[in-house]
Amino acid sequence: MAELAQVVVDVPTMQTNQPYTYQVPEALEQKLQVGMRVVVPFGNGHRQVQGFVVGFTDASDYGGKLKPIQAVMDLQPVMDAEMLALSKWLADTTYSFWIACLYTMLPNLLKGKTHRVVRVVDELPEQDYFDLFAGRDTRDYADFADDPTAVSRLLKLKRAGKIRIDYQVENRARAKTVMGITPLLSFEELEEARTSLHPNAHAQNRLLSYLQSIGGQTVVQKKAERVAQLSAATFNQGAKKGWLKKVPVEVYRRPQSQAALPDDHHLQPALKLNHDQQVAVDQINAAVKDQQAATFLLQGVTGSGKTEVYLQSIAQALAQGRTALMLVPEISLTPQIVNRVRRRFGSQVAVLHSGLSNGEQFDEWRRIERGAAKVVVGARSAVFAPLKNLGLIILDEEHESSYKQDEAPRYHAREVAKWRGRYHQAPVVLGSATPSLESRARALKGVYRFLGLPHRVNKQPLPPIQVVDMRPEIKQRGESNFSRPLLQAVSDRITRGEQSILMLNRRGFSSFMMCRDCGTVLKCPNCDISLTLHMDTRTMKCHYCGHEEPIPQVCPNCHSRRIRYYGTGTEKVEQELRQLMPQARIIRMDVDTTRRKGMHEKLLKQFGDHQADILLGTQMIAKGLDFPNVTLVGVLNADTGLGLPDFRASERTFDLLSQVSGRAGRADKQGQVIIQTFNPDHYAIRDAQANDYDRFFFQEMNLRHQASYPPYYYTVRLMASHPEEAVAARAMAHIKEKLHQRLAPQTIILGPTPRAIARMKRRYYYQIVIKYKRDPALHATLEEILQETQSKGFKDVQVSIDPDPQYFM
DNA sequence: GCTCAGGCGATT
DNA sequence: ATCGCCTGAGCG
């Protein structure tokens, strides 16, 4: 007796964050299933919204009259039981709206668009009818949206009952189709048709033979034209004569880069494993086979063949009839690893990442959902890939902070992966050369199972790392981004026809305008941060709100002309490098040069083809690249991140330096790494130089222990904002008081403090950081705070909660 | 998020 | 008395 449906509606607010009960009209009773999207009326007026059916019930304790579901948007559920349960868990643990979690887990196209349509229902004054409707009866409300006078006139007419505003939810999820043909006649009938042909009708004759050859199948017309060497006109004639019919055929929009890959008959075979790799693969396989939801930490130095372990483990999972999911930090950054998976597993691989168009994303999702793809490679959100019967989940570079989403829902892909592993009784493999302290500590405690790959596959030593102290360099030669040893090394490579990668660590860094006379720094009018100089557009930009203004000629404060830019951006470094080495060919890679789609791949390809001697870029060049001709890696400023007010600053610096060092000399040529720093004695730099993860780990663990930070404590960050600073501060003080009353005495509450960037988008931000080991009251207290800050005492105060934050700025 | 009702001051 | 704007409640 499932006649009432529980629907989560697309109204992301605290108050509506619960399923609403709707009647199921008789006509929909057979069609409707849990996990489908529906259109439901919601609220007053003619409003309708998209929603998700999350359950059925036969009774409701709601006092009012139940409304009926208006329409079903899907033929098949878009969420199965696993995904629904996961969405609920996600909402719960990240303190987010259920509806937001549902959308996060699905392709963008499944978020319906609502249109508002203005409809004339009664005689209008001539003037209004002419001005607003131009003689028509309906118009799209969006046409008026940015014309305030028109909007107010419309509202007046609406109050007078002359017009209505209707809502329409548009389902944007459509499969792409191409024209196909299906023979309508049997072999014999086609033969019969042939006898009545004019002797000169060669083309039609060939068409008949072709139709006979495909035996009733539907074929894409373009393909038929090619195979049978016929024109579209002949097919049209065939259709007219009733030999065949034209039918739309669903096709998948495949990402362009996929076209160039070899077909399934030319897949790359597995490589031979060394002993350590074999041990790792065996352990993982055993867990897959025995359906153990174990988490493995696979720690392997650069070049130790982690990827091959992943691939062979995936192969085993497939051999067991199960599917596999492999996550990589940001896929467009690592085309090489994606291609390796594709070359091994061919067309059963689906790729999901942010560079796909909505259509491509939707189609890859459908291939997975229908079981056509059994291996999924993707970035963070691919952790929600609708694979059934998962046998193995891999997170490569598990320490990467990009696995944590920095907007709501603030989930960590690692935790979602572990959840899915438990659900499917499948192992999760976390791989890294420099595991996060959290993961390594868990491996030490036996919570994760440790697998080590301490040796490089090619037995080559890691490249020597030279640390250059910049302090004497600057003293002797004045301001420069390049030390003499680095310049010498780069110029040696150019002489030898080899290549160099130079990395500028830009974390917490920007080029800003500063007046040399009065010290005024050009700041964003909306946010409390300095504007960044962008030479390409010749503007000053705010990286937080997008505000843009021309580069000033004079200081806005003292009108001095001596206003200059300050700091080091890749553009400025490039300029200096061009001056120092006019003969060098340089490719610059940063957010500016890679903004356009496909530029990333293009620049990397250019560099790979040796069209440049130097690849100069930000962190984005540190990961996953593998160019055999690169024998020098230089880090221009190793320590800009060290000074940040963030307990993970050292860990990130160590990771970055270790990571980037692995980029030198991976083939037969000996590589070299040069790190420029003002802190040559810092343990993160020293240990990275010595390639000593363990020493870094224990030193850093010590510090975390003393300061009660992860992995010894968990952290949660609470943020509150308001256009007025005092209101934000007062709200936070109240929240702190509440936390103090409710939380365990061992729990540490830091703050409230203004955030490092205290004002953003015209709002003032305060934050509280909670550190706890175990606090049974925490979850309920935070939920309560979210509820409470909806009340009138907290008008316009926005509160957000970030569990396990990756950044504290 | 959006709408409507009720309250209030401004406008005729 | 009427209009316009703000605020808060409720949405099934």
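Residue numbering note: each chain is counted from 1, following its sequence as written. Note on labels: chains are lettered from A, ligands numbered from 1, in written order. Reporting in this predicted model follows two pLDDT cut-offs: at least 70 for local features of residues, and 80 or more for side-chain atom pairs to be given and counted; totals over whole chains, interfaces and linings ignore these cut-offs and use all residues. The side-chain figures draw on all heavy atoms in the structure; neither hydrogens nor water molecules are used.

Under an unreviewed UniProt entry, the name given to chain A is Replication restart protein PriA, and the organism recorded is Limosilactobacillus panis. Database annotation for chain A, UniProt heading Sequence similarities (unreviewed entry): "Belongs to the helicase family. PriA subfamily." Under the UniProt heading Function (unreviewed entry), the note attached to chain A is "Initiates the restart of stalled replication forks, which reloads the replicative helicase on sites other than the origin of replication. Recognizes and binds to abandoned replication forks and remodels them to uncover a helicase loading site. Promotes assembly of the primosome at these replication forks." UniProt positions are given in the numbering used here, feature names are shortened, and annotations may be inferred rather than shown by experiment.

Student: Mind showing me how you'd approach the protein's contact with DNA strand B here?
Tutor: Here, proximity means that at least one heavy atom of the residue falls within 4 Å of the molecule or strand. Around DNA strand B lies a shell formed by Val-11, Thr-13, Phe-42, Asn-44, Arg-47, Lys-158 and Tyr-167. In DNA strand B, atoms within 4 Å of the protein come 62% from sugar and phosphate. In this structure, Arg-47 approaches DNA strand B through a side-chain N or O atom, which is 2.8 Å from a base nitrogen. Polar contact is defined as a pair of N or O atoms within 3.5 Å, subject to the rule that within protein one atom must be able to donate a hydrogen and the other to accept it, and that residues adjacent in sequence are counted only when both atoms are side-chain atoms. In this structure, Tyr-167 approaches DNA strand B through a side-chain N or O atom, which is 2.8 Å from a phosphate oxygen.

Student: Explain the pairing of strand S20 (residues 499–503) here, please?
Tutor: The side chains of a regular strand alternate between both faces of the sheet. Classification of residues uses two cut-offs on accessible area relative to the type maximum, computed with a 1.4 Å probe and protein chains only: under 20% is buried, over 50% is exposed, and between them is partly exposed. Working definition: helices are DSSP H or I runs of at least four residues, strands are E runs of at least two. Numbering for both runs from the N terminus. In terms of burial, S20 is a largely internal element, five of the five residues being buried. Neither face of S20 is left uncovered, since the one carrying Gln-499, Ile-501 and Met-503 and the one carrying Ser-500 and Leu-502 both have all their residues buried. Sheet topology note: the S20/strand S28 (residues 630–635) ladder contains five bridges and is parallel. The residue of S28 that forms the bridge with Leu-502 is Gly-634. Both S20 and strand S27 (residues 614–617) contribute to a ladder of four bridges, which runs parallel. Bridging from a neighbouring strand, Ser-500 pairs with Ile-614 of S27. Note: two strands are recorded as paired if DSSP finds a minimum of 2 bridges between them.

Student: Hey, could you run me through the pattern of salt bridges in this one?
Tutor: When their charged atoms lie close together, side chains carrying opposite charge are able to pair. A side-chain nitrogen of Lys or Arg and a carboxyl oxygen of Asp or Glu constitute a salt bridge if their distance falls within 4 Å. Going through the model one piece at a time under the given rule, you end up with 37 salt bridges. The closest approach of N and O atoms between Arg-366 and Asp-363, which form a salt bridge, is 3.2 Å. Residue Arg-366 and its partner Asp-363 are located together in helix H13 (residues 358–369), separated by three residues, close to a single helical turn. The two residues Arg-366 and Asp-363 agree in class, both being buried. A salt bridge links Arg-588 to Glu-574, with the nearest nitrogen and oxygen atoms 2.7 Å apart. Of this pair, Arg-588 sits in strand S26 (residues 586–589) while Glu-574 sits in helix H18 (residues 570–580), and the two are 14 residues apart along the sequence. Across the pair, exposure class does not vary: Arg-588 and Glu-574 are buried alike. A single network of salt bridges, built from pairs that share partners, joins Lys-738, Arg-742, Glu-784 and Glu-788.

Student: What should I look at first to understand the protein's contact with DNA strand C in this one?
Tutor: Taken together, 16 residues lie around DNA strand C, and Gln-15, Thr-21, Tyr-22, Tyr-62 and Lys-67 are the ones closest in. Among the atoms of DNA strand C lying within 4 Å of the protein, the sugar-phosphate backbone contributes 47%. A distance of 2.9 Å is found between a base nitrogen of DNA strand C and a side-chain nitrogen or oxygen belonging to Tyr-62. Put simply, the parts of the chain that give the surface near DNA strand C at least two residues each are strand S2 (20–23) and helix H5 (148–159). The greatest single-element share of the surface near DNA strand C, amounting to three residues, is contributed by S2.

Student: Would you take a moment to explain the UniProt feature "binding site: Zn(2+) 2" (unreviewed entry) in chain A for this structure?
Tutor: The feature "binding site: Zn(2+) 2" (unreviewed entry), as given by UniProt, occupies Cys-524, Cys-527, Cys-542 and Cys-545 in the numbering adopted here. Among the structural elements, Cys-542 can be located in the loop between strand S23 (539–541) and strand S24 (548–550).

Student: What is the right way to read the environment of Ile-163 from this model?
Tutor: In this structure, Ile-163 sits in strand S8 (residues 163–170). Distance from Ile-163 to Ser-650, taken between C-alpha atoms, is 63 Å for residues 487 residues apart in sequence. We call two residues in contact when some of their heavy atoms are within 4.5 Å. In this structure Ile-163 touches Val-118, Arg-119, Val-120, Val-121, Leu-124, Phe-133, Leu-154, Leu-157 and Lys-158, once residues within four positions along its chain are discounted.

Student: What's the story with helix H2 (residues 81–94) in this structure? I'm lost.
Tutor: Since the α-helix turns once every 3.6 residues, residues separated by three or four places project in the same direction. Here a helix's expected span is defined as the number of its residues, less one, multiplied by 1.5 Å. With 14 residues, H2 should cover 20 Å at 1.5 Å per step; its first-to-last C-alpha distance of 20 Å lies within 8% of that length. Within the span of H2, buried status applies to Glu-82, Met-83, Leu-84, Leu-86, Ser-87, Leu-90, Ala-91 and Thr-94. Looking at the packing, one finds that the buried side of H2 touches strand S4 (48–57), helix H3 (98–105), helix H14 (413–424) and strand S33 (798–803). Between a side-chain oxygen at the N-terminus of H2 and the backbone nitrogen of Glu-82 the separation is 3.2 Å; the capping residue is Asp-80. A positive backbone phi angle near 55° is found at Tyr-95, which sits one or two residues after H2.

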